[in-house]
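As a plain string of letters, each chain reads:
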Amino acid sequence: MAVDLLLGLQWGDEGKGKIVDVLTKNYNIIARFQGGPNAGHTLVFNGKKHVLHTIPSGIFHDDATNLVGNGVVIDPVIFKGELDKLEEQDIDYRKSLLISRKAHIILPTHRLLDAASEAAKGKAKIGSTLKGIGPTYMDKTGRNGIRVGDLELSDWKERYRTLADKHESMIAFYNVEIEYDLANLEEEFFKAIDVLKSLTFIDSEEYVYQAQKSGKTILAEGAQGSLLDIDFGTYPFVTSSNTTAAGACTGLGVAPNKIGEVFGIFKAYTTRVGSGPFPTELFDEDGETMGRVGHEFGATTGRRRRCGWLDLVALKYACQVNGVTQLNMMKGDVLSGFKTLKVCTAYKYKGEVIEHLPYNIEPENVEPVYTEMKGWEADLTTMTDASQFPKELNDYINFLEKELEIPITIVSVGPDRKQTIFRN
Ligand code: GDP
Ligand code: IMO
Ligand code: MG
């Protein structure tokens, strides 16, 4: 069977966790392929909210297997925190959670290096979640990292010490004020490592291959969004992994010709948390309303998310890079009550009107060109079928489908699992 992908098309927080949870009933295996605890995936059902950082969003379904793939970076401390929360809810994760031996481990000093690097950048900081993502992927590509499989070897603690000592000298090199108590951090880290070691480690590429061969269905769950991709995002204001479709191939060991459906997920408007360009960002009452009604605060850091109109130039680019086959539109309910909606369909770039994403989208280079559409009043959150949609919402959806040339098959009208409408 082919492996289906679900990916964020904007700057993250599109609602990936919610839709993966909704789709899990159709799959045997849910697999994360990149990122780490910089992600915050929110699921809401039975009146309760759950936030997952590293654990795949299929974990609440009894019959799904959840795989943390080789492309993921794991912070054992945060991972243990997630497991503790699952335990509190009597979720039996031991059978259903598998971890790739090739996944890299975030050390306490990776987090400190992240903080030092950001502090040293001053105003130019990335706005990182400070979870140690950048430094851990740097050690991965620098061929210095410690992997989950290393925990099964007798000398891993010596390797840990060598790397942590090196990190300490790098932190000193940054010459910024960072207060820390490494002994304390290490105590917590080693306790969490023991918990991690009690889980099932696997050679995940072999597992994924055999699963495909035997007809098991697999959904790969993306983290972050396409515009945060290390290659195709708004560099340097990006994360340190490939968040796009190709990342699923390298992050799970899936061959490119074995990719099936690619679900591209986007908000009906745009948000971004952290620094970096955002052409359609709003600094007025409309942006404030989106943030307030949409509760736009980060699921991992609690930071306020910047809000703006939907950007079709950026969205088209993300669809192209990922080969999106189906679109999922989230949070349309947040736009109820806006008299006029704007959609950016082109940029004015160096005196020209262009419809593709150029190399540089800093505010001094691009100005969005908007198409205005009539908004709708109706509350969407109680709707259960697309036949109930107001005409203006249908116009909005049809316009996007025409521009993007991809069908919008899911429209989400609220955070709950049940507030999900499938369109034919
Ligand atoms: P992810 O990182 O892509 O999984 O998304 P996050 O969980 O970080 O952010 C999405 C936020 O929007 C969460 O608080 C969700 O509960 C919420 N959400 C998801 N879909 C909808 C929707 O259709 N309407 C509303 N109002 N909220 C939604
Ligand atoms: P999910 O999976 C939104 C952003 C950070 C920062 C930049 C780099 O929940 O959609 P990093 O910690 O990776 O060094 O941060 O990327 N960022 C996210 N923004 N959603 C996320 O994940 C994000 N993960 C990282 O805010 O701008
Ligand atoms: Mg999130």
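Residues numbered from 1 in each chain as written. Chains lettered and ligands numbered in written order. Predicted model: local features only at pLDDT ≥ 70, side-chain atom pairs only at ≥ 80, totals over all residues. Heavy atoms only, no water.

The name given to the protein in an unreviewed UniProt entry is Adenylosuccinate synthetase, with the source organism recorded as Seonamhaeicola aphaedonensis. Recorded under Sequence similarities (unreviewed entry), the UniProt text for the protein is reproduced unchanged: "Belongs to the adenylosuccinate synthetase family." Turning to the protein, the UniProt annotation filed under Subcellular location (unreviewed entry) states: "Cytoplasm". (UniProt positions renumbered as here; feature names shortened; annotations may be inferred.)

Caption draft 1: Main features of the UniProt feature "active site" (unreviewed entry) in the protein. Residues annotated in UniProt with the feature "active site" (unreviewed entry) correspond here to Asp 13, His 41 and Lys 140. Spatially, the listed residues are scattered: they cover 128 residues, and their C-alpha atoms lie as much as 25.4 Å apart. You can see Asp 13 is positioned in the loop between β1 (3-8) and α1 (16-23). With respect to the secondary-structure elements, Lys 140 resides in helix α4 (residues 133-141). Lys 140 sits in the partly exposed class, given a relative accessible area of 29%. Those residues in contact with Lys 140, other than ones at most four positions away along the chain, are Asn 70, Gly 71, His 104 and Gly 145. (Helix = DSSP H or I, 4+ residues; strand = E, 2+ residues; numbered from the N terminus. Buried < 20%, exposed > 50% of the residue type's maximum accessible area, 1.4 Å probe, protein only. Contact = heavy atoms within 4.5 Å.)

Caption draft 2: Summary view of the coordination of the magnesium ion (ligand 3). Every protein donor of the magnesium ion (ligand 3) is listed here as Asp 13 (OD) and Gly 40 (O), and their distances to the metal cover 2.1 to 2.2 Å. Here the residue Asp 13 occupies a position in the loop between β1 and α1, and Gly 40 occupies one in the loop between β2 (29-32) and β3 (41-45), the gap between them amounting to 27 residues. Judged by relative accessible area, which is 11%, Gly 40 ranks as buried. (Donors = N, O, S within 2.8 Å, 3.2 Å for Na, K, Ca; no water.)

Caption draft 3: Local environment of the pairing of strand β15 (residues 326-330). For β15, the tally of buried residues reaches five of five residues, placing the bulk of the element in the interior. Burial along β15 is two-sided: the residues Gln 326, Asn 328 and Met 330 and Leu 327 and Met 329 are all buried. Both strand β11 (residues 259-267) and β15 contribute to a ladder of five bridges, which runs parallel. The residue bridging Phe 263 from the neighbouring strand is Gln 326, located in β15. Note that β15 and strand β19 (residues 408-412) share three bridges and pair parallel. Bridging from a neighbouring strand, Met 329 pairs with Val 411 of β19. (Pairing = 2+ DSSP bridges.)

Caption draft 4: Fine view of the nonpolar core. Grouped together as the largest cluster of nonpolar side chains are 55 residues, with contacts concentrated most on Phe 266, Leu 327, Met 329, Leu 335, Tyr 396 and Leu 400. Sorting elements by how many residues they give to this core places helix α11 (residues 391-404) first, with six residues. Shared between two domains, this core takes at least three residues from each, and those domains are domain 1 (3-100 + 201-262) and domain 3 (267-422). Leave out the neighbours within four places in its chain, and Phe 266 touches Leu 9, Gln 10, Glu 14, Leu 310, Leu 315, Leu 327, Asn 328, Met 329, Met 330, Leu 400 and Ile 408. Counting 33 residues, the second-largest nonpolar core is a separate cluster that includes Leu 43, Phe 60, Leu 107 and Trp 156. (Core = buried A, V, L, I, M, F, W, Y, C linked by side-chain atoms within 4.5 Å. Domains from an automatic or database assignment.)

Caption draft 5: Focus on the sheet that holds strand β7 (residues 97-100). With mixed pairing, the 10 strands of this open sheet are ordered in space as β9-β7-β5-β2-β10-β1-β11-β15-β19-β20. A strand with exactly one partner marks an edge of an open sheet, and here the two such strands are β9 (200-202) and β20 (420-422). Put simply, the sheet's adjacent strands are angled 25° from each other on average, direction ignored. Inspection of the sheet shows β2 paired to strand β5 (residues 65-68) by four bridges, in the parallel sense. Within the sheet, the bridge partner assigned to Ile 30 lies in β5 and is Asn 66. (Axes fitted to C-alpha atoms, helices over the stretch in contact; angles between N-to-C directions.)

Caption draft 6: Seen up close, the packing of helix α2 (residues 76-88) against helix α6 (residues 182-197). Where α2 meets α6, the closest approach of the two axes is 8 Å, and the angle between their N-to-C directions is 55°. Classified by the interaxial angle, the pair formed by α2 and α6 is oblique. As α2 packs across α6, the resulting crossing turns out to be left-handed. On the side of α2, the interface is formed by Pro 76, Val 77, Phe 79, Lys 80 and Leu 83, while α6 contributes Glu 188, Phe 189, Ala 192, Ile 193, Val 195 and Leu 196. When the residues that make up the contact of α2 with α6 are grouped by side-chain class, the tally is nine nonpolar, no polar and two charged. (Parallel < 35°, antiparallel > 145°, perpendicular 65-115°, else oblique. Left-handed = near helix turned anticlockwise from the far one by under 90°. Nonpolar A, V, L, I, M, F, W, Y, C, P; charged D, E, K, R; others polar.)

Caption draft 7: The packing of aromatic side chains, seen in detail. For the structure on display, the rule yields nine aromatic pairs. Taking the centre distance of 5.8 Å and the plane angle of 70° together, the rings of Trp 309 and Phe 338 count as edge-to-face. Here Trp 309 is found in the loop between β13 (306-308) and β14 (310-311), whereas its partner Phe 338 is found in the loop between β15 and β16 (340-349), with 29 residues between them in sequence. When its relative accessible area of 7% is taken as the criterion, Phe 338 is described as buried. (Phe/Tyr/Trp six-rings, centres within 6.5 Å; stacked < 30°, edge-to-face > 60°.)

Caption draft 8: Quick look at helix α9 (residues 285-293). Regarding α9, the residues found buried are Gly 287, Thr 289, Met 290 and Gly 291. Residues of α9 that are buried sit in contact with β13. Downstream of α9 by a residue or two, His 295 has a phi angle that is positive, lying close to 45°.

Caption draft 9: Inspection of the site of ligand 1 at higher detail. Taken together, 19 residues lie near ligand 1, and Gly 15, Lys 16, Thr 42, Asp 333 and Ser 412 sit nearest. Glu 14 is positioned such that a nitrogen or oxygen atom in its backbone is 3.1 Å from an oxygen atom of ligand 1. Separating an oxygen atom of ligand 1 from a backbone N or O atom of Lys 16 is a distance of 2.7 Å. Protein contact buries 92% of the 590 Å² of open area that ligand 1 shows by itself. (Near = heavy atom within 4 Å. Polar contact = N/O pair within 3.5 Å; in protein donor to acceptor, adjacent residues only side chain to side chain. Areas by Shrake-Rupley, 256 points an atom, 1.4 Å probe, with all protein chains shown as cover.)

Caption draft 10: Structural view of the site of ligand 2. Near ligand 2 there are 20 residues, and of these Asp 13, Lys 16, His 41, Thr 129 and Thr 239 occur at the shortest range. Within the contact set of ligand 2, an oxygen atom lies 2.9 Å away from a backbone nitrogen or oxygen of Gly 40. One of the side-chain N or O atoms of Thr 129 is found 2.5 Å from an oxygen atom in ligand 2. Surface burial for ligand 2 is 97%, taken as the share of its 550 Å² of free accessible area covered by protein chains. For the shell around ligand 2, the class distribution of residues is seven nonpolar, 10 polar and three charged.

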